[in-house]
Each structure stands twice: as C-alpha cells, then as structure tokens.
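The residues making up each chain are set out below.
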Amino acid sequence: MTSLAALFDWLAAGSPEGRTASRNGNGTDFRLRTLPKEDIHVFVKSIDNSTVIRLVDNKDWLRSAGMAGGVMLASVMLIALLMPGGFSLLASRQMGQLNAEREQLINELRQVRSREAELLNPKQLEVWAGPNFHNPTAAAVIYAAPAQGAVASLRKP
Amino acid sequence: MERPVNAQAVRRVLIVGRLALLWALCIAGRLVYLQVYKHEDFQKTAKSQHQHQFPLPADRGEILDRTETPLAISIRTESAVVNPQRIKDVEFFARVVAPALGLNPEELKAKLKEYQERGAAKARGRGYLSLKRHLTPEERDRLRYLTATFPLEIIRDSRREYPAGSVGAHIVGSLDSEGNGNSGLEQKLNETLKGKPGKMLVLTGAQMDHYIRWVSEDSTQGENFTLAMHRVIQNDVEQFLAEGVKEAGAESGSVVVLDPRNGEVLALANYPNFDPRNERPTPEEAKARRSNTAVQIPSEPGSVMKMITVTMGLDSGEFTETTPIFCENGAFARPGRRAIHDVHRMGAMDTAGVLIKSSNIGVAKISIRMGPKVLYEYLKKFGIGDKTGIELPAESRGMLRHLECRGPKDNYCWSPTSHEYIAFGHEVGATSVQLARAVAVIANGGMIVQPHLIIKKTRPRTDGKLEEVALDIRKPERVLRAETAFRIRRIMQQVVQEGTGRRAAVPGYSSGGKTGSAEIFENGAWQNKHNSSFIGFAPVTDPRIVVVVTLNRTPKQGGIASAPVFSKVAATALRVLQVPKDEPEKDIAPPQPKILEVNELPENRIAKAIPEPKEKPQPEMSAGLLIGPTVPDFRGKAMLAVLRESAALGLQVQTKGRGVAKAQAPAAGTVLPAGASIQVEFATPQ
C-alpha cells in the first residue's frame, strides 16, 4: 500500500536504480509530500524471471511460418476476390462522373444552340441590321447554272 | 432424503406450464400475424414513413425547323424548394434565405406562414413550397451553404426556351405553368414530347430530413421533331400577314404555305399572334394562343370554291374550257328560288372565262348540269369536309352537310338548291389548311396530299445517339385526271394575268390563283365585311408552293386585300427555296387600287339588290350558250367610264394611250365572241 505521492514517485523513478534509490530515500528530492487523506494503496509484487530458461522449438517456428504464410495467402486471395469489385466500384463512380459531365455538356450545348438560334432569329437580325437589311428585289436575285446547284446570290448594282 | 412430490403441486406446475405454453402460442401467433400475414402492409407503412419517391422530370423533346434550328428547346435548371413544416423560425429563415435568392424577406415570411397554417393539415408535413425556379449559378452557390443549416433543397428542373420568339408560335405552341402544352404542337404532341419521367428514392428520418437519395429509374428524354416549317419564310409570312390585316382593316387573318408535291407545311401564320415566352399573357394574347384560325375556324370560302366546281365540269368531260355558258347578264332568277347575281353583268362566256371572271351564275349552271351528287363527290375528292390530319390540336373538319337527309328532323343536309350555292362557296365551310390541300390537288397534277408539319422524328437511344422514327404520312392519291389539273392551272394563271387576281402577280414567276370574298351575313343583315381570301400556287409549270391567304372581316375583297399578301408571300418563299424564275426578270410594282375595284361589290353576295342597268342587254338566245354581248360604243368616253361600263357588262378591255377613247376594235354593235377582248385606243383631246 502506498500514497498518491508514492505512486508518482514510483512512476517517475524509471530505472531500477532509481526505484531502489527512491525506496531507500536517496534519490533526488523531487517527491511530493503526502497530501492529507489522499492515500492510494498499491500492492507491488516482485517477479523474479532469472530462473526462466528459453528453449528453441523448431516445430513451433514452422507452425508460425505456416500461419504467417497462410494469412498472407488468404490476404492475397481476399484482395484478388475484392479487387474486381473494387475496380468496378471505381469504374462505376468514374462512369457516373463522366455521365454527369456528359449531361452537363449536353445542357451547355443546348444553351449554346438556343442562344445561337435566338441571335439568328430573323426578327433579331432585322433589328440589328436596321435599314440596311431588306428583301432583295426580284431582279437582284440571280441563280447559278443548274449544274452548280440553284444557289441564290445577290447581284451587285 | 427426497421429499415426496405433492400431487397438488404437480397440478399447479402443469397449470402454470400450460398457461406459459398458451402465452407462448399467443405470442407466436401474434408474431406470425405481424410478420407473415401483415408483412406487406407493415412494410408498405414503414416505407411510406421513411422512403419517399420523387419524380425526376424528363427532358422535353426539341422542336426544330427544317434547317434543324431549335424553335423549342429545354434547358436543365435547378430550383429551390422547402418544406415549410420543417422550418422552426420562419422569420430567421426568411431573413437569411430571401437575400440569397433575391426575394423580399417579408413576402417570403408571409408566404411561409400562410403555407404553414393552411397547408399543414392537407399536406401532412410533406408538402413542398417552391422558393425560386431556375436558379442562376450564383444563387445556387449561395444556397448550397445554407442547405446545411436550413431544410432547403435544390431540385432538378427544366426551362422551356423559344429562341425564335413569336415566329411560328401557332405551330410550336406554348406550355402552361405545369409544363404541359396548352397550344400548338406542344399540346398535340405533349405525351410524346415530355418523355418518361424517372424516379428518385429518398430515405428520410423522423424529422423528414433526407439522409440518403438515389436515382432508382433514370428519366427518358422525349422525342425530337423536325418541322417542315422554314423560320425565314414563316417570319416574313407573319409580317406580310400583319401588314395585310392592317391595310385591309381586317380583324384577323391567316396564311398557309404548303409544298404541293408532298404536303409539307412551310409556314402557317395567324393574326393576331402571341409570344410563347410570355408566361403571363394578357387576355388578348391568351385568346390568340387558343385560336389557331387556319386550322380550327372554318369560314365560307366564297369564290375560291369555284375552282372545284369548274374542275368538276372539266374532269367529268361534260365541259371543256371553251364550252359556252350564258351568264344571264348578271341575274339568274327562277321561280321559287333565290336569285343568283353576278357583280359584273356578263353574257355568254366560255367555261374558262367563268372562272377567270368569277361568275356565280356560270358555276351555278355547271353545278346544276352536273347535279348535287357529283358535286358532293368532287368536294370529297378535294378533301372538303374532312380533317386534313395536320398535327395541330382541335382541327376542324369544316362544314359540309350530308348529301341526303338522314331523317325528317335532319337539318344538317343539302336542300334541293344547296349545290347551286355551294358551287360558289356558300353553305359550305373550310379552313385555310383544307383550302391549301384542295389547291394542292390542282398544283400537284391531280394528286391529293396530306398537309403535315413534321418531316422527321428522332428518339434518343441509351448510347446518347439519335434514332430516327418512321412517320405515318399518307402517300399522295390521285383524285383527278392529270390533264384536268394542268388545264385548271392554266385557267387559274389567267385569273392572275387578266382576271380578279391581278394583284397576286409574283415578280419573276408565273402564278395562278383564285380570289374569294364571302360577305358576312350577321344578325339578319349584310355587314359589308368579308372573309376575303386568295388561293394560289407558283410557278405554274411546276408548282413549288401553294399559298392560301384569308383575311377575316375586312371591307375589302380578296382581289384587293388578300392577293397582294399572296404576291409578297410567294415571292419570299420562292426566293428562300431557291426556285429558279420562269418569267423575265423584272420588278413588277404592285398596281395601285383603282376606284372601280375598291368600290366593286362582293363576288358572292347572292341576295343583295344590284342596281338595275339603264339599258339591260338582251340575250339573243334563250338557251343562252352561244351568243355574246354586243360591243358598246366607247368613243368619246373617258378611260374610267370605259372601264366601268366594260366591267359592268363583263367585257374585257385592253387600253392604249391616255385621254378619251378615239377608236375601238371590234366596232360598236358587233357581237363579241367568247373570250375575246375589245381594243380601245385613247388620245388626248386637241
């Protein structure tokens, strides 16, 4: 059992030497004083691993390698299985974007065509041309030879 | 040591167990009822609570003119809508959103409150209020930031644009506020044009907030239509018609320009016109929008009907162009029948002259000779009384009564004298499109065509390309012998050259036609107003256009009011269609109206008194077929007096020089052969 201050000391001590020094009261004096009625009781049990012997087990190593290989293979297979779906997901998204872009371009084309038709409206042309625009007189209209197509043009006065 | 089990305890356990089993069965039954029996109902209810389906408007099909220039086109736009029931603080909403959309905050607030109060019960929290349609890009960007804060939504919408404005308005038509056609092709082809709307599914939460949406069925664009109409011809036709109506003092009018070879309608104009872009039309505009005179309103055609009567005579073989007909010197009276009058007192004339001079009596005699049954057959051959099938709404079939009465109470049938009056355009009604089809029979060598506006129909495929759809247009059918049509064409050419339609001459082109003036009889009296018309074609040898001009309720006659409009329209149409000229190139100035022509009586007035001539010329033969009028003595008379006298007698006079008449050929007192004219030479008195 120990106090909060002791707990801080234990946490702050870091190395075993420090801990020993702290326990012996020889460490640097940065410890907090125990606050009244602020005791925290921590039970510390020391474990001694010095007698534990490490044994090399080849069978265990093979099992581990097999497990890792299996996991990797399964991962590859899973990726291989998911990849087409993923690609199609990406492709469909791309297609959706292209489709939206196409729709937008079609709409813009419609706007441009509408504007063009509005500007080329005969009424509008007459307004712009003012007195300079009038229907040609009958004698002013000539026709090319039929072999070249019946194209009307204006004869210069 | 085991305790002995009490029998009563066992019974209690069994009772409790049975009750538990019963309860379990009830639960299971209820579950089966809910999950199996009522499964679909609850599923539907659940769906209706959280899943909503909204229609995705389809793009409306395009209407193009024959040069593939758009006349009506739909542009996709976006509109802002809101569910007023979800707005907690209306004032705050209005103050923030209104400026972003360029709206008045107070008006928006009032609108939202009104909707909340009145619409809540009806809409059950689902109603939407359109804040603004067709957002500009700036408004849309401003609104996007606000959609996170407010229950605003930006939905897909579309705007119908009419780039040509009022040009061809009666053909193209217009839309109502719901986006459905209310006139013209927009109305007639509404179902085909509007396409198939798609479906958008929206999942909503408890507060009706949308958290996911997807397009479950995409919309399909409507079909596109390419018209035979040429916007340049149409524009000029509308202008000439408006000028013609104003000059003639008419109330309304219509012009139809048709290609007689295939029935394609190159232009169709009505006056008054309207602008389909105007979403809030004035009452006058709304009326103009509803009435397509050329298609929907039949009127008595008057003398233009003589074309059919004379054609009947020639085609049947009973008459030739030179068959003489005595025109009773202007009054054809028989006991028990209404007298038929001619404006000009004409004696003996050949059959061609009857059409050229527009003699009511002459065509009545042809009709009497042929009989009502034959006349009815020929009227039907020319399509009178039958719908043309033009793709415009509410087409009238005109007015042609049954030949024979279907019962004692049937009033809609021919009387014993009907065929006499129908011969010159009374007791019958036809629309301008019907008349155009009838003229096209003559212009097309005796083949009847179906007037149609649509020459191409396309449907968008799934790959975005356009697929052409076959059209169902009747093929031309022969109804007349070709030689009859050619002969009538030549006679109609003379109508323009020397008859009542001289003002219809087209510079550089040969043209044929017929004038018509049916005086309006209303409220028991003649109104001194006419439905004046001119039907014609050009060039005569190979007609490329048929034009029908009708001016309604004008004091002037067809030859004066409508013929000049024909001339202008035909000149423009032939120029735009690049039809080579077939006559010497000279600009013919339209002749100024003469006093005689302005004051002449309507051609078709049949019951109005005509002042008796001082000296009534007497026919030399009672049969009245071979003897012509005696040539009067014109010497010493002024040109106006000569013209007036010759017109009164139905004589054709060719003048030379100015002043008073000095010499004439043939000499006074001789009998003038049918079709011949009198040469009168004038000289200034010394």
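With that settled, the discussion passes to the overall build of chain B. Regarding its fold elements, chain B presents 22 helices and 26 strands. Within chain B, contacts between residues separated by at least 24 positions form 72% of all contacts whose residues are at least 6 apart in sequence. Looking at chain B as shown, the accessible area adds up to about 32500 Å², and 53% of this sits on carbon and sulfur atoms.

A word on the environment of B:Arg133. Residue and element names in this part refer to chain B. The residue Arg133 is located in the loop between strand E4 (129-132) and helix H5 (137-146) in this model. Owing to a relative accessible area of 41%, Arg133 belongs among the partly exposed residues under this scheme. Each C-alpha atom, one on Arg133 and one on Ser79, is 4.3 Å from the other, the two residues being 54 residues apart in sequence. Not counting residues up to four positions away in its chain, the partners in contact with Arg133 are Glu78, Ser79, Asp157, Ser158 and Ser177.

We now examine the sheet that holds strand E24 (residues 652-656) of chain B. Residue and element names in this part refer to chain B. Pairing is mixed in the open sheet, where 3 strands are placed in the order E24-E26-E25. Whereas interior strands pair on both sides, the edge strands pair on one side only; in this sheet they are E24 and strand E25 (660-665). Strand after strand, the sheet turns through a mean of 30° between neighbouring axes, direction not considered.

This brings us to the sheet that holds strand E21 (residues 512-522) of chain B. Residue and element names in this part refer to chain B. Reading across the sheet, the 5 strands line up as E12-E11-E23-E22-E21 and stay open at both edges, with antiparallel pairing between neighbours. At either end of the open sheet lies a strand with only one pairing partner, and these are strand E12 (265-271) and E21. Taking the axes of each pair of neighbouring strands and ignoring which way they run, one obtains an average angle of 10° across the sheet. Two elements, E21 and strand E22 (residues 525-538), share 10 bridges in a ladder whose sense is antiparallel. Note that in E22 the partner of Lys514 across the bridge is Ile535.

It is worth spelling out the side chain of B:Ser166 at this point. Residue position: B:Ser166 is located in the loop between strand E5 (152-161) and helix H6 (169-172). Those residues in contact with B:Ser166 that lie beyond four places of it in its chain are A:Lys123, B:Glu238, B:Asn273, B:Phe274, B:Asp275, B:Pro276 and B:Arg277.

Before going further, it helps to spend a moment on the pairing of strand E8 (residues 198-204) of chain B. All names here are of chain B. Counting buried positions along E8 yields 6 of 7 residues, so the element is predominantly enclosed. By the bridge criterion, 6 bridges tie strand E1 (residues 51-56) to E8 in an arrangement that is antiparallel. Bridging from a neighbouring strand, Leu56 pairs with Gly198 of E8.

Its 18 residues give helix H9 (residues 231-248) of chain B an end-to-end C-alpha distance of 25 Å, which sits within 8% of 26 Å, the value for a rise of 1.5 Å per residue. Just downstream of H9(B) lies B:Gly249, where phi reads positive at about 65°.

All names here are of chain B. Counting 84 residues, the largest nonpolar core has Leu268, Met307, Leu379 and Phe382 as its most contacted members. Here this core takes 9 residues from helix H17 (residues 432-443), the largest share from any one element. A domain-level breakdown of this core finds at least three residues from each of domain 1 (54-227) and domain 2 (231-275 + 295-403 + 414-460 + 470-598). Setting aside anything within four residues of it in sequence, one finds Leu268 in contact with Ile171, Gln234, Val255, Val256, Asn292, Ala294, Val295, Ile390, Leu392 and Val433. Counting 33 residues, the second largest nonpolar core, distinct from the first, contains Ile233, Leu241, Val547 and Ala573.

As a note on interpretation, predicted positions should not be read in detail where pLDDT is low. Residues and elements named next belong to chain A. Of the residues in chain A, 62% reach a pLDDT of 70 or more, and the chain-wide mean stands at 76. The weakest mean pLDDT in chain A belongs to strand E2 (residues 152-154) at 43; the strongest belongs to helix H3 (residues 58-119) at 93. The model gives residues 145-157 a pLDDT under 50, and that stretch makes 19 contacts with residues more than four places away or in other chains.

Turning our eyes to something else, we now look at the packing of helix H12 (residues 306-316) of chain B against H17(B). All names here are of chain B. Where H12 contacts H17, the axes come no closer than 11 Å and their chain directions differ by 35°. In terms of crossing hand, the pair formed by H12 and H17 is left-handed. Residues Met307, Ile308 and Thr311 of H12 lie in contact with H17, whose contacting residues are Ala438, Val439 and Ile442. Looking at the contact of H12 with H17 residue by residue, the classes come out as 5 nonpolar, 1 polar and no charged.

Residues and elements named next belong to chain B. Each neighbour pair has its own omega, and for Tyr271 with Pro272 the value is 5°, a cis peptide bond. Mapping Pro272 onto the fold places it in the loop between E12 and helix H10 (283-290). For the bond running from Ala538 to Pro539, omega is -20°, close enough to zero to count as cis. In this fold, Pro539 is placed in the loop between E22 and strand E23 (545-554). The backbone of Glu68 sits at a positive phi, close to 65°, despite the residue not being glycine. Among the structural elements, Glu68 can be located in the loop between strand E2 (63-64) and strand E3 (70-82). Classification of Glu68 as partly exposed rests on a relative accessible area of 36%. Despite not being glycine, Glu427 has its phi angle at roughly 60°, a positive value. Note on placement: Glu427 falls in the loop between helix H16 (418-422) and H17.

Right, let's get into the pattern of salt bridges. The tally for this structure, following the rule as stated, stands at 41 salt bridges over all chains. Notably, a salt bridge pairs B:Asp259 with B:Arg261, separated by 3.1 Å at the nearest N-O pair. With a relative accessible area of 39%, B:Arg261 lands in the partly exposed category. Across the pair B:Glu328 and B:Lys365 runs a salt bridge, and its minimum N-O distance is 2.6 Å. Highlighted residues: B:Glu328 in the loop between strand E13 (324-326) and strand E14 (331-332) and B:Lys365 in helix H14 (residues 360-370), separated in sequence by 37 residues. Exposure remark for B:Glu328: the relative accessible area of 23% places this residue in the partly exposed category. Using a relative accessible area of 18% as the deciding quantity, one classes B:Lys365 as buried. Because the salt bridges share partners, they merge into one network encompassing A:Arg102, A:Glu103, A:Arg110, A:Arg113, B:Asp59, B:Glu62 and B:Arg76.

Moving on to a nonpolar patch on the surface. All names here are of chain A. Among the surface-exposed residues, Leu119, Leu120, Leu125, Val127 and Trp128 lie close enough to one another that they form a single nonpolar patch of about 460 Å² accessible area. At 3 residues, the largest contribution of residues to the nonpolar patch is made by helix H4 (residues 122-129). Inspection of the secondary structure puts Trp128 in helix H4. Under the relative-accessibility criterion, Trp128 is labelled exposed at 53%.

Moving on, we get to the packing of helix H3 (residues 90-101) of chain B against H5(B). All names here are of chain B. At a closest axis distance of 8 Å, the pairing of H3 and H5 adopts a crossing angle of 160°. As judged from the angle between their axes, H3 and H5 are roughly antiparallel. Taken together, the residues of H5 that come into contact with H3 (itself represented by Val96, Val97, Ala100 and Leu101) are Glu139, Arg142, Leu143 and Leu146. Of the residues in the contact of H3 with H5, the class split is 6 nonpolar, no polar and 2 charged.

So, how was this worked out
- Residues numbered from 1 in each chain as written.
- Chains lettered and ligands numbered in written order.
- Predicted model: local features only at pLDDT ≥ 70, side-chain atom pairs only at ≥ 80, totals over all residues.
- Heavy atoms only, no water.
- Helix = DSSP H or I, 4+ residues; strand = E, 2+ residues; numbered from the N terminus.
- Contact = heavy atoms within 4.5 Å.
- Areas by Shrake-Rupley, 256 points an atom, 1.4 Å probe, with all protein chains shown as cover.
- Buried < 20%, exposed > 50% of the residue type's maximum accessible area, 1.4 Å probe, protein only.
- Pairing = 2+ DSSP bridges.
- Axes fitted to C-alpha atoms, helices over the stretch in contact; angles between N-to-C directions.
- Expected span 1.5 Å × (residues − 1).
- Core = buried A, V, L, I, M, F, W, Y, C linked by side-chain atoms within 4.5 Å.
- Domains from an automatic or database assignment.
- pLDDT = per-residue confidence, 0-100.
- Left-handed = near helix turned anticlockwise from the far one by under 90°.
- Nonpolar A, V, L, I, M, F, W, Y, C, P; charged D, E, K, R; others polar.
- Salt bridge = Lys/Arg side-chain N within 4 Å of Asp/Glu carboxyl O.
- Patch = residues over 30% accessible without salt bridge, like charges linked within 9 Å, V, L, I, M, F, W, Y side chains within 5 Å.
- Parallel < 35°, antiparallel > 145°, perpendicular 65-115°, else oblique.

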